[in-house]
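Remarks on the overall topology
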Amino acid sequence: MRIPLRWLSEYVDLTVETGELARRLTVAGAEVGEVITTADWEGVVVGHVEKVEQHPNADRLVLATVDSGSGQLRQVVCGAPNVRAGQKIAYAAIGAKLIDGHTGESVSLKAAKIRGVESRGMICSEKELGMSDQDEGILVLPEDAPVGKPLAEVIGDTVFDIEVTANRPDWLSVL
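Below is a short write-up of the structure. Everything quoted here is computed from the prediction, not taken from an experiment.

Using the criterion set out here, one finds six salt bridges in the structure. Put simply, Arg-24 and Glu-20 hold a salt bridge, and the shortest N to O gap is 2.9 Å. Of this pair, Arg-24 and Glu-20 both sit in helix H2 (residues 18-27), four residues apart, roughly one helical turn. On the accessibility criterion, Arg-24 (44% relative accessible area) is partly exposed. Look at Glu-20 and you get partly exposed, because its relative accessible area is 23%. With a closest N to O distance of 3.7 Å, Lys-51 and Glu-53 form a salt bridge. Its relative accessible area of 41% is what places Lys-51 among the partly exposed residues. Among the charged side chains, a salt-bridge network with shared partners connects Glu-20, Arg-23 and Arg-24.

Following this line, the structure appears as structure tokens:
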């Protein structure tokens, strides 16, 4: 069973570091098989979509103007059906490390021309961030997410993968 530490911290005060907590749980009988960090998003920050316009050379693409908190607005070509002005999103700048949707490998984002228009970054889906297999649209963040803050600090987490034995079904619950 996977237990996110943010979720666990809603029930108990976590006063020890992650490695020590994993050790203590294992000693107590709830073996931590793996410690997974979900916040390995170098170069990805919270962005704000200022405006969305139709791409001049493509029906299914739009041009999104994104504020990444750097003081400059960036134009991003996006094909996601759920991108809207006013949204807080995961913005990957040029050079950011993302997951290639086809190979699953980590790749560095480069500037690209898409149908004749330069895209200065990417608005990311959960799949591109390695969070899930969902890639039907972009990841929309809560309205109170601070623009320019690294995504890892906003939604990143550490997850314990607890190896549940047949005699302890109670370990299938965070409570």
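Taken in spatial order, the three strands make up an open sheet running E1-E13-E2, and their pairing is antiparallel. Every other strand in the sheet has two partners, leaving strand E1 (2-4) and strand E2 (32-37) as the edge strands with one partner each. The average undirected angle you get between the axes of adjacent strands in this sheet is 25 degrees. Across the sheet, H2 is in contact with E2 and strand E13 (158-162); its angle to E13 comes to roughly 15 degrees.

Within the largest apolar cluster, 15 residues are counted, with the highest numbers of intra-cluster contacts made by Val-44, Ala-92, Leu-98, Leu-129 and Leu-151. Listed by contribution, the elements that provide at least two residues to this core are strand E3 (44-54), strand E6 (88-92) and helix H3 (151-155). Excluding its chain neighbours within four sequence positions, the residues that come into contact with Leu-98 are Val-44, Ala-92, Glu-105, Ser-106, Val-107, Leu-109, Met-122, Cys-124, Glu-128 and Leu-129.

Looking now at the layout of surface pockets. Empty space among the atoms can be located by rolling a probe the size of a water molecule over them. Size it by volume and the largest pocket reaches roughly 680 Å³. Along the walls of the largest pocket sit 30 residues, with Val-77, Met-122, Ile-123, Ser-125 and Glu-128 positioned nearest its centre. For the lining of the largest pocket, the secondary-structure elements that each account for two or more residues are strand E5 (73-78), strand E7 (97-99), strand E8 (106-108), strand E9 (112-114) and strand E11 (122-123). Of all the elements, E5 adds the most residues to the lining of the largest pocket, at three residues. Tallied by class, residues from the lining of the largest pocket come to 16 nonpolar, eight polar and six charged. Looking at the second largest pocket, its volume works out to about 270 Å³. Lining the second largest pocket are 15 residues, and of these Ile-3, Leu-25, Ala-30, Trp-171 and Ser-173 lie nearest its centre.

The rules behind each value
Residues numbered from 1 in each chain as written. Predicted model: local features only at pLDDT ≥ 70, side-chain atom pairs only at ≥ 80, totals over all residues. Heavy atoms only, no water. Salt bridge = Lys/Arg side-chain N within 4 Å of Asp/Glu carboxyl O. Helix = DSSP H or I, 4+ residues; strand = E, 2+ residues; numbered from the N terminus. Buried < 20%, exposed > 50% of the residue type's maximum accessible area, 1.4 Å probe, protein only. Pairing = 2+ DSSP bridges. Axes fitted to C-alpha atoms, helices over the stretch in contact; angles between N-to-C directions. Contact = heavy atoms within 4.5 Å. Core = buried A, V, L, I, M, F, W, Y, C linked by side-chain atoms within 4.5 Å. 1 Å grid on protein atoms, 1.4 Å probe; cavity = no way out; pocket = protein on both sides within 12 Å on 5 of 7 lines; lining within 4 Å. Points joined across faces, edges and corners; volume = space filled by probe spheres on them. Nonpolar A, V, L, I, M, F, W, Y, C, P; charged D, E, K, R; others polar.

Keep in mind these values describe shape, not function.
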